[in-house]
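Single-letter residue listing:
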Amino acid sequence: MKMQTKLKKIFYFTFLLLFLTGVFYFAIEIFSSSQDDLNNPFSRTKMWTLRSHSILGLWFFFLFGHLYSKHIGPKLRRDKGKKSGLVFFASLIIVCITVPGLFYITDDHLRDGVAKLHTYLGIALIIPFLLHSIFKIDSKSKR
Ligand code: HEM
């Protein structure tokens, strides 16, 4: 089943915003001092970036569920675009699974590891996203 153009656009747009806020937060964290002072505009930008990322993440979860029933589920039974789609889907699932860990893991060392996995895999997601959605690398394979 071909994904509706409107749903596709909403999904791509949300994914890109989620990606950009995540990368932007990561970049600010690298360049900011470890002490967060909310009187400092830099720290406030950092806080609002993470809040926006979190809220977008919630919306993304909803869209992802919708997308599963409308696009991913039906496509799993076909060959067209399946390989690149599966890589994108599996990577997304891992990134999503790490999210509760960001909130509920109390051990600092373990939380740090989960945050790194979320961030680095999140950044790497742009590759399967581009290959599957924009370049459609395996869309010419047989059905
Ligand atoms: C698209 C690629 C993504 C990138 C580059 C990315 C990046 C990041 C980064 C750098 C953090 C901060 C981690 C830390 O605490 O040190 C973060 C946190 C978070 N991310 Fe992502 N992420 C991505 C995808 C997602 C997805 C798919 C979801 C949910 C569906 C999500 C939801 C969250 C949430 C809820 C947090 C915690 C926010 C908080 O602590 O208030 N992210 N992400």
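Everything numeric here is computed off the predicted structure, so don't read it as measured data. (Residues numbered from 1 in each chain as written. Predicted model: local features only at pLDDT ≥ 70, side-chain atom pairs only at ≥ 80, totals over all residues.)

With that settled, the discussion passes to the environment of Leu 56. Relative to the assigned elements, Leu 56 resides in helix H2 (residues 41-75). Overall, the presence of 19 C-beta atoms within 10 Å leaves Leu 56 in the partly exposed class. On a C-alpha basis, the gap between Leu 56 and Thr 14 in space is 7.1 Å, while along the polypeptide they are 42 residues apart. Beyond its immediate sequence surroundings of up to four residues, Leu 56 is in contact with Thr 14, Leu 17, Leu 18 and Thr 21. (Helix = DSSP H or I, 4+ residues; strand = E, 2+ residues; numbered from the N terminus. Buried ≥ 20, exposed ≤ 12 C-beta atoms within 10 Å, placed from the backbone. Contact = placed C-beta atoms within 7 Å.)

As a further point, take the site of the ligand. Taken together, 22 residues lie near the ligand, and Phe 19, Gly 22, Gly 57, Ala 115 and Gly 122 sit nearest. Elements that contribute at least two residues to the shell around the ligand include exactly helix H1 (5-31), H2, helix H3 (82-104) and helix H4 (108-124). Of the residues assigned to the shell around the ligand, the class counts are 15 nonpolar, seven polar and no charged. Two domains share the shell around the ligand, each providing at least three of its residues, namely domain 1 (1-76) and domain 2 (78-143). (Near = placed C-beta within 6 Å. Nonpolar A, V, L, I, M, F, W, Y, C, P; charged D, E, K, R; others polar. Domains from an automatic or database assignment.)

Before going further, it helps to examine H1. Taking 1.5 Å of rise per residue, the 27 residues of H1 would be expected to cover 39 Å, and the 39 Å separating its terminal C-alpha atoms lies within 8% of that figure. Residues of H1 that are buried in the fold lie against H2, H4 and helix H5 (126-134). (Expected span 1.5 Å × (residues − 1).)

These values are about where atoms sit, not about what they do.
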